[in-house]
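# A closer look at the structure
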Amino acid sequence: MDITIIAETQGNGLHAVTNQLVGAASSLGASPTVLCGGGVGADEAAGIAGVGKVLSVTGDCFSTFDGGAWAAAFDAAAGSGVIVGAATAQGRDVVARIAARRGIPVVQDVVSMSPGLNMTHPIYSGKAMQEVTVSGDCGVTLRANTFAPAGGGGSAETATVQQSGDVKIAVQEAIAKASERLDVADADIIISGGRGMGGPENFDKLYALADEMGGAVGASRAAVDAWDGIPHTMQVGQTGKTVNPSLYIAVGISGAIQHLAGMRTSKYIVAINKDPEAPIFKVADYGIVATWEEAMPVLAAEIAKIL
Amino acid sequence: MVEIAVLLKQVPDTNAKIVVVGGRVDESAVTSWVTSPYDEYALEAALQHTEAAGGSITAITLGPARADKVLKDAAALGVTKLVRIWDDSWQDLDSKQVQSALANAVQAAGAELVYCGKQSADRNQGSTGPGVAELLGAGCVVEVSEFDAAGTTYLRPAASGSEKVTVAAPAVVTFTKTASDLRRPNVRGIMMAKRAQIDVVAGDVGSSTVNFNGHSSPAEKPPGKTYEGSGSVPEVVGLLRDEAKVL
Ligand SMILES: Cc1cc2nc3c(=O)[nH]c(=O)nc-3n(C[C@H](O)[C@H](O)[C@H](O)COP(=O)(O)OP(=O)(O)OC[C@H]3O[C@@H](n4cnc5c(N)ncnc54)[C@H](O)[C@@H]3O)c2cc1C
Ligand SMILES: Nc1ncnc2c1ncn2[C@@H]1O[C@H](COP(=O)(O)O)[C@@H](O)[C@H]1O
C-alpha cells in the first residue's frame, strides 16, 4: 500500500506525532513518503526509521497556514494511495481538503488501524467507537499518542519539489500567547483545576506543581467560565481541547460527561475531590477523597522528593 | 450585504447516554436532540454578521425529518431560508457524500460565506468545513474563536498563540466556542417559527468506498482505587512511580 504522510511540524522542526504517523504506516507494511511543507523538518524526517522517501515541498504558500493552498501543493506532490496526517486542527484541515480534491473519503481521528484499511475512531466524544473499512484510496488522520512512534537511524533520500497553491487567507495580526506555559494539547502531564479550586488565585498551586513536573495546567469549563485569568485555551473537554497525556490530575473537578470527553483516554488519571460520589472517581485510576487544600501540599512535597 | 449559509447538524444532547445495541448506537434511546454545540456559535456569528452588514442567512441541515427542529429553532431567531437535505435510503454517509450534498445546497442558496462548526458532536470529524470549502473552491479558516460583527476578521489558533486573519470570498469559516453564546428566541420568534417553511430537497450523493462496519462501546478501564484523605497521597505518588511508571 502506498502511504504519503503529511509531516506535522512545530517551530522549525517536526512535531513528535510525525514519528507516530511513520510508526503507524510501517505497521501496515508501508514504506511511506513524508511530505514536509516548506521543507520544514525534512532532514529530521529522513532520519526516521522506515521512511521511504522525503519530499520537501517548497512554495510561497508555506509562509503562513492556509489549508486550501497547502492541500493544493501537497496534492500535486503526492502520489496516489493513502494520505496520512495528524488529527490536529491543521492536519485535519489539510487532509480533508486533499481527500476532497481527489474525490476520496477522509476518516479523521483514527485510534487503531490494521491492513485492509480497517480503522476505528471515536464518535460522540468517545462515548462510542466507529469501525470502518475503506476500499481504495483515502485520507486518514491519526490521534496523537495512540500509535507507537518509529525510532531514528533512518537515512531516506530527500528531494525537493516546487509546488504552491492559491493563498486565500491573510494574517492581519499575530497575537502572542498570554503566557509561555506549555499548552495542554502538547503536554504529557496535565494538572487541571475545576470550580472546586474556589478561585483563580488558587491555580498558582497547580502552576507550581506543573512547572516542577514539566506539565501543563488545564481547567474545566466551569472554571474557565467563572474566572478571568483562566482562558478558554486551558479548557479540557467537549468544547475545549481533547488531551491524551500519560498522567492527568483532576483537582476539584466533578467529572461531568463533557469534561470526561476531553480526557478519558489519558493513560493514568488521578482525581482529588472532596466528594466521594463525584463521577470523576469512576474514571480515575487513583482517586483521593480530600480537599485540595489538604492534598495539594502533600502532593507537591511527595513529588519534589522523587523528581 | 452578505449571503451566509449556516450548516446546522442535529445531534443527541451532549448529556445523553450513548448505548450500543447489536453493534449500532441505539438512536431510539436518545430522548433529546439538539443543534450541535459549535454550530450554535456559527449561527450566532452569522446573525451578528448579517445584523451589522445586512444580507440574509440560509440554514442548511442534512438529516431525517426530526432534524427539522434545528431549522425551526433557527427560524425562531429570524432565519427565513431553511433547507433540509434527505433521502430515506441514506443511513451512513461518508465524508465525501456529506460534503457534496451540503456544498450543492450552499451553491443553490447563492451564499458566498459558509459558517459551520469545527466538528460535529456526534461524528467529531472536522472534515465538513474544509471539504465543503474545497468543493466550492473557497478558502477556509478553521477553529475561529472570535470574530468582529461586521465579519471581516476572524481569530484562529496559531503555533505562537493566535492570529487575526481575513479571508477572500467565497469562504468557509468553522467555529469553535466563541464569547457569543447563541441568543434565545422571543415569543414573536417562536410564533414565526411555527409557520416557517422548510424546503426539503433530495440530493444525489453517489456511491461510497467506505464500509461502516458498526459501532462498539469504548474499552472500559479497569476500576481504579479510591483512597480516603490526604494521608493517602504518599502512597498514590509511590504507585504513580512504581506501578504506573509515569513519574
Ligand atoms: C454543550 C456543553 C459543553 C460542555 N463542554 C465542557 C468542556 O469542554 N469542558 C468541561 O469541563 N465542561 C464542559 N461542560 C460543562 C460540564 O457539564 C460541567 O458543568 C463542568 O465540567 C463542571 O466543572 P467543574 O467540575 O469544575 O465544576 P463542578 O461540577 O461544580 O464541580 C466542582 C467539584 O469540586 C469539588 N470540590 C469543591 N470544593 C473542593 C475542595 N476544596 N477540594 C476538592 N474538591 C472540591 C466538588 O466536590 C465538585 O465535585 C459543557 C457543558 C455543555 C452543556
Ligand atoms: N449532516 C449535517 N448537516 C448539517 N451540517 C453538518 C452536517 N454534518 C456536518 N455538518 C457541519 O459540519 C461541521 C463539522 O462536522 P464534522 O465534519 O462531522 O465534524 C458541523 O459542526 C456542522 O456545522
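Below, the structure is looked at part by part. (Residues numbered from 1 in each chain as written. Chains lettered and ligands numbered in written order. Predicted model: local features only at pLDDT ≥ 70, side-chain atom pairs only at ≥ 80, totals over all residues. Heavy atoms only, no water.)

## A short note on the packing of helix α4 (residues 89-102) of chain A against helix α4 (residues 128-136) of chain B
Definition in use: Every angle, taken between N-to-C directions, lies between 0 and 180 degrees, and every axis is a line fitted to C-alpha atoms, over only the stretch in contact when it is a helix. By definition, any uninterrupted DSSP run of H or I lasting at least four residues is a helix, any uninterrupted run of E lasting at least two residues is a strand, and each is numbered from the N terminus. Throughout this description, any angle smaller than 35 degrees is read as roughly parallel, any larger than 145 degrees as roughly antiparallel, any in the 65 to 115 degree range as roughly perpendicular, and the remainder as oblique. Whether a crossing is left-handed or right-handed is set by the direction in which the near helix is turned from the far one by less than a right angle, anticlockwise for left-handed and clockwise for right-handed. We call two residues in contact when some of their heavy atoms are within 4.5 Å.
In the contact formed by α4(A) and α4(B), the axes pass within 8 Å of each other and the chain directions differ by 40°. Put simply, α4(A) runs oblique to α4(B). Seen from above, α4(A) lies across α4(B) with right-handed handedness. Across the interface between the two elements, Asp93(A), Ala96(A), Arg97(A), Ala100(A) and Arg101(A) of α4(A) pack against Pro130(B), Gly131(B), Ala133(B), Glu134(B) and Leu135(B) of α4(B).

## What to know about the state of the cysteines
Residue and element names in this part refer to chain A. Just so we agree on the cut-off: By convention in this document, the label disulfide applies to cysteine sulfur atom pairs within 2.5 Å. For every residue, the accessible area (1.4 Å probe, protein chains only) is compared with the maximum for its type, and the residue is labelled buried under 20%, exposed over 50%, or partly exposed between those bounds.
One pass over the structure, following the stated rule, counts zero disulfides over all chains. In this structure Cys61 is not part of a disulfide, and its nearest cysteine sulfur, from Cys36, lies 14 Å away. Here Cys61 falls in the buried class, since its relative accessible area comes to 1%.

## Observations regarding unusual backbone geometry
The linkage connecting Ala169(B) with the following residue, Pro170(B), adopts the cis geometry, with an omega of -5°. Along the chain, Pro170(B) turns up in the loop between β12 (161-167) and β13 (171-175). Residue Asn145(A) is not a glycine yet carries a positive backbone phi of 65°. Relative to the helices and strands, Asn145(A) is located in the loop between β11 (138-142) and β12 (157-162). Since its relative accessible area comes to 36%, Asn145(A) is described here as partly exposed. A positive phi is found at Lys245(B), a non-glycine position, where the angle reads about 55°. By the secondary structure assignment, Lys245(B) is in the segment after α6 (233-242).

## Observations regarding the pattern of salt bridges
Pairing is possible between side chains of opposite charge, provided their charged atoms come close. Rules: In the sections that follow, a salt bridge refers to a side-chain nitrogen of Lys or Arg positioned within 4 Å of a carboxyl oxygen of Asp or Glu.
Tallying each qualifying case throughout the model produces 23 salt bridges over all chains. In this structure, Arg97(A) and Glu134(B) form a salt bridge, with 2.7 Å as the shortest nitrogen-oxygen distance. Of this pair, Arg97(A) sits in helix α4 while Glu134(B) sits in helix α4, on two different chains. A single burial state applies to Arg97(A) and to Glu134(B), both of which are buried. With a closest N to O distance of 3.4 Å, Lys225(B) and Glu243(B) form a salt bridge. Remark: Glu243(B) occurs in the segment after α6 and Lys225(B) occurs in strand β16 (residues 225-228); sequence separation between them is 18 residues. Relative accessible area serves as the criterion here: at 42%, Glu243(B) is assigned to the partly exposed category.

## Considerations on the packing of aromatic side chains
The condition is simple: In this analysis, rings of Phe, Tyr and Trp, with Trp reduced to its six-membered ring, are considered paired at centre separations within 6.5 Å, and the interplanar angle assigns stacked below 30 degrees, edge-to-face beyond 60, and tilted for intermediate values. For a Lys NZ or an Arg CZ to count as sitting over a ring, it must be within 6 Å of the ring centre and within 35 degrees of the ring normal.
Applying the stated criterion across every chain yields a total of 10 aromatic pairs over all chains. Taking 4.8 Å as the distance between ring centres and 80° as the angle between the ring planes, the aromatic pair formed by Phe65(A) and Trp70(A) counts as edge-to-face. Following the ring pairs from residue to residue traces out a cluster consisting of Phe62(A), Phe65(A), Trp70(A) and Phe74(A). The ring of Trp33(B) carries the charged tip of Arg66(B) above its face, separated from the ring centre by 3.6 Å.

These values are about where atoms sit, not about what they do.
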